[in-house]
There are 2 protein chains.
Amino acid sequence: MPSPGTPTLERGFIVPVGGAEKKKADRVILERFVRLCGGEEARLVVIPTASELDDTGDRYATLFEELYAEAVEVLPIQKRQDAYREDCLATLEEATGIFLTGGNQLRLSTILGGTPVAQAIRHLNADGVHVGGTSAGAAIMPEHMIAGGPSGATPRADGVILAPGLGLTNRLIVDQHFRQRDRLGRLLTAVSFNPFVIGVGLDEDTAIFLGPEGVFEVVGSGAVTVVDPTDLDFSSMDSARPGDAVSLIGMKLHVLAAGARYDIEHRKAMAPERVQD
Amino acid sequence: MPSPGTPTLERGFIVPVGGAEKKKADRVILERFVRLCGGEEARLVVIPTASELDDTGDRYATLFEELYAEAVEVLPIQKRQDAYREDCLATLEEATGIFLTGGNQLRLSTILGGTPVAQAIRHLNADGVHVGGTSAGAAIMPEHMIAGGPSGATPRADGVILAPGLGLTNRLIVDQHFRQRDRLGRLLTAVSFNPFVIGVGLDEDTAIFLGPEGVFEVVGSGAVTVVDPTDLDFSSMDSARPGDAVSLIGMKLHVLAAGARYDIEHRKAMAPERVQD
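### Remarks on the relation of the copies chain B and chain A
Mapping one chain copy onto the other needs a rotation about an axis and a shift along that axis. When chain B is fitted to chain A, the residual RMSD is 0.0 Å, and the transformation amounts to a turn of 180° plus an axial shift of 0.0 Å. Such values leave the two copies arranged in the relation of a two-fold axis.

### Let's talk about unusual backbone geometry
With phi around 55°, Asp205(A) is a residue other than glycine that occupies positive phi space. With respect to the secondary-structure elements, Asp205(A) resides in the loop between strand E9 (198-202) and strand E10 (206-210). Phi angles above zero are rare outside glycine, and Arg267(B) is one such case at about 50°. With respect to the helices and strands, the residue Arg267(B) is situated in the loop between strand E16 (261-263) and strand E17 (268-270). Owing to a relative accessible area of 24%, Arg267(B) belongs among the partly exposed residues under this scheme.

### Some thoughts on the packing of helix H3 (residues 86-93) of chain B against helix H5 (residues 116-126) of chain B
All names here are of chain B. Contact geometry of H3 with H5 gives a least axis separation of 10 Å together with a crossing angle of 10°. Considering the angle they form, H3 stands roughly parallel to H5. When H3 is examined against H5, the residues Cys88, Leu89, Leu92 and Glu93 are found in contact with a partner set consisting of Pro116, Val117, Ala120 and Leu124. For the contact of H3 with H5, a count of residues per class yields seven nonpolar, no polar and one charged.

### Observations concerning the nonpolar core
Core analysis: the largest hydrophobic core is formed by 126 residues, its most contacted members being Ile98(A), Val117(A), Phe216(A), Ile98(B), Val117(B), Ile121(B) and Phe216(B). For Phe216(B), the residues in contact, after removing those within four places along its chain, are Val200(B), Ile208(B), Phe209(B), Leu210(B), Val224(B), Val226(B), Leu256(B), Ala260(B), Arg261(B), Tyr262(B) and Ile264(B).

### Observations regarding the environment of Ile47(B)
All names here are of chain B. Structurally, Ile47 can be placed in strand E2 (residues 43-47). For Ile47, a relative accessible area of 0% corresponds to the buried category. Along the backbone, Ile47 and Arg183 are 136 residues apart, and their C-alpha atoms lie at a distance of 26 Å. What Ile47 contacts, discounting residues up to four positions off in sequence, is Leu75, Ile98, Phe99, Leu100, Thr101, Val117 and Ile121.

### Quick word on the confidence of the model for chain A
Put simply, chain A has an average pLDDT of 94, and 99% of its residues get 70 or more. Across the predicted assembly, pTM comes out at 0.86 and ipTM at 0.76.

### Notes on the interface of chain B and chain A
Size of an interface: often given as the accessible area lost when the parts come together. At the interface, 33 residues of chain B touch 33 residues of chain A. With both chains or domains summed, chain B and chain A bury close to 2900 Å², and 55% of this area falls on carbon and sulfur atoms. Broken down residue by residue, the surface that chain B buries against chain A is led by Pro164(B), Phe193(B) and Asp238(B), which jointly contribute 21%. Inspection of the chain B/chain A interface yields two salt bridges.

### Quick word on the pairing of E10(A)
All names here are of chain A. With five of its five residues buried, E10 lies for the most part within the structure. The side-chain alternation of E10 yields two buried faces, one formed by Thr206, Ile208 and Leu210 and the other by Ala207 and Phe209. Alignment of strand E1 (residues 14-17) against E10, held across two bridges, turns out to be antiparallel. Bridge assignment links Val17 to a residue of E10, and that residue is Ala207. In the sheet, E10 pairs with strand E11 (residues 215-220) via five bridges, with the strands oriented antiparallel. Paired with Ala207 across the two strands is Val219, which belongs to E11. Counting the residues in the hairpin turn of E10 and E11 gives four residues, including Gly214, whose phi is positive at 85°.

### Focus: the pattern of salt bridges
Under the defined criterion, the tally for this structure stands at 29 salt bridges over all chains. The salt bridge involving Glu66(A) is made with Arg27(A); its shortest N-O contact spans 2.9 Å. Within this pair, whereas Glu66(A) is found in helix H2 (residues 56-66), its partner Arg27(A) is found in the loop between E1 and helix H1 (28-36), the two being separated by 39 residues in sequence. Taking the relative accessible area as the measure of exposure, Glu66(A) reaches 40% and is therefore partly exposed. Between Asp238(B) and Arg107(A) there is a salt bridge, with the nearest N and O atoms lying 3.6 Å from each other. Of this pair, Asp238(B) sits in the loop between strand E13 (234-235) and strand E14 (248-249) while Arg107(A) sits in helix H4 (residues 105-112), each in a different chain. The exposure classification of Asp238(B) matches that of Arg107(A), with both residues buried. Here the salt bridges share partners, and the residues they tie into one network are Glu52(A), Arg107(A) and Asp238(B).

### What to know about the state of the cysteines
By definition, a disulfide links two cysteine residues through a covalent bond between their sulfur atoms. A full pass over the atoms with the stated rule returns zero disulfides over all chains. Of the cysteine sulfurs around Cys88(A), a residue in no disulfide, the closest is that of Cys37(A), at 19 Å.

### Here we look at helix H5 (residues 116-126) of chain A
Residues and elements named next belong to chain A. If you check which residues of H5 are buried, you get Val117, Ala118, Ala120, Ile121, Leu124, Asn125 and Ala126. On the buried face of H5, the contacting elements are E1, strand E2 (43-47), helix H3 (86-93), strand E4 (97-100), H4 and strand E5 (130-134). Following H5 by one or two positions, Gly128 adopts a phi angle in the positive range, close to 115°.

### Focus: the sheet that holds strand E8 (residues 172-175) of chain A
All names here are of chain A. Read across the sheet, four strands follow the order E8-E9-E12-E15 without closing on themselves; strand pairing throughout is mixed. Edge positions in the sheet fall to E8 and strand E15 (252-257), since each of these pairs with one other strand and no more. Across this sheet, the average inter-strand angle for adjacent strands is 20°, counted without regard to direction. Relative to E15, strand E12 (residues 223-228) runs antiparallel, the two being bridged by six bridges. Bridge pairing in E15 links Ala223 to Ala257. Docked against the sheet, helix H7 (residues 184-193) engages E8, E9, E12 and E15, running at close to 35° with respect to E12.

Rules of the game
Residues numbered from 1 in each chain as written. Chains lettered and ligands numbered in written order. Predicted model: local features only at pLDDT ≥ 70, side-chain atom pairs only at ≥ 80, totals over all residues. Heavy atoms only, no water. Least-squares fit on C-alpha atoms with pLDDT ≥ 70 in both. Helix = DSSP H or I, 4+ residues; strand = E, 2+ residues; numbered from the N terminus. Buried < 20%, exposed > 50% of the residue type's maximum accessible area, 1.4 Å probe, protein only. Axes fitted to C-alpha atoms, helices over the stretch in contact; angles between N-to-C directions. Parallel < 35°, antiparallel > 145°, perpendicular 65-115°, else oblique. Contact = heavy atoms within 4.5 Å. Nonpolar A, V, L, I, M, F, W, Y, C, P; charged D, E, K, R; others polar. Core = buried A, V, L, I, M, F, W, Y, C linked by side-chain atoms within 4.5 Å. pLDDT = per-residue confidence, 0-100. Buried area = accessible area lost by both parts, 1.4 Å probe. Salt bridge = Lys/Arg side-chain N within 4 Å of Asp/Glu carboxyl O. Pairing = 2+ DSSP bridges. Disulfide = S-S within 2.5 Å.

Printed below as a string of structure tokens:
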């Protein structure tokens, strides 16, 4: 459940990225994230816990510094005990933006889940701090996290592994590396388990910037696939056996490229505004 | 996410039952549910959607009438379109209690998910209407629903299938037919995916009555197994491959029989009060 937050403060943005965002030229996603968090006054905290590589946090710190953020800290959280450290919590309290790196989303959820650091991220986001994440760091943001599942376009009864995520939003489920790893089937499976939630498939180098009023804009070089089950007439998910393909009748699908927007509350996609000649 | 509800109204109880509750003699669970919903003034609505048998709804209607409920209605919801019917919504609005029968929880979530009936159950529960459910009807109540998984006491990387549930509470995950079907492993797996949530395993003929202040009492002839990950020091879930047994160090476990209580907010189990001689 998203934290209710302080009523007088506006919620922060949620910025899931589909992985492999550009880090040298054309790094529009990371640039915009820094700008959102205050530009030259941005104080960013990087959480590299999803990754088992030693230098993931420092790589992002260098990147954000190149983009003129005022300060960047990397939280050294590699096991559950680290996520109780007072110094980590104090660092988070100063942030204008938090960024979760890629790696393994189950590593992230099993280390952060239920700890003071996870609670702090939820409360801070509710009170206006922006939270971005790429790949595993994108998957973990919603209440329901896609933890795994096979490739392919066909939904199957056992086509996805779900686990509880960070709970920054319960309005959508996020999948990443979407076209590169052919994941439409597992996103459809996840949405059809309980057709109340919007499915969002993020291509690599593509992000959504989801604002407090429930509207997101697409940023980056790929597309975002939205799966909306509002008008779903029929699903055979309840009677499908493991491995069976699942019938879904009446699912709505949008493919949105840079500049397009989507209103989650009203389930309405909006084309990019045309630039006048 | 649980519905916020009307601030001036107290939330209704949530009453998940582990299945196979007694229906002739010693039917303490159903008796207590009717009493909670107003006794001889109870107006109950039965939702038999999880079941594919024709008479499941009527069986419960007869039972609740035998227990002196004032009125019992069975909602004829067998496909998604039924869950948009105005007459079903009007019937729900009059209820003091709603009961979800057993069957297949994925049938329940795929038919009700995102429909006006699902939304009505959430809002009514938030505004004081009590919601009970047995077996599949118990599993679907929380935000995270156990949809399947193998038997056995050992948690395994692929030891549980989760799907989004009705979202009446996000404080616990419920499993049912717990000792009868040897389901400790899958409950431990579900909790260890993201150790913020309490796991509750309900034996057959055993229920919890979870009140608006976050305390539940155990009712019935079996026991309730509570799995609390608050002090979890280590989990190998993030590095386990499919089929691997998972190490969990520091999980807390309670077994609670009739009369024992549990405070979810403070994660504290309380023994039954002794009857004085």
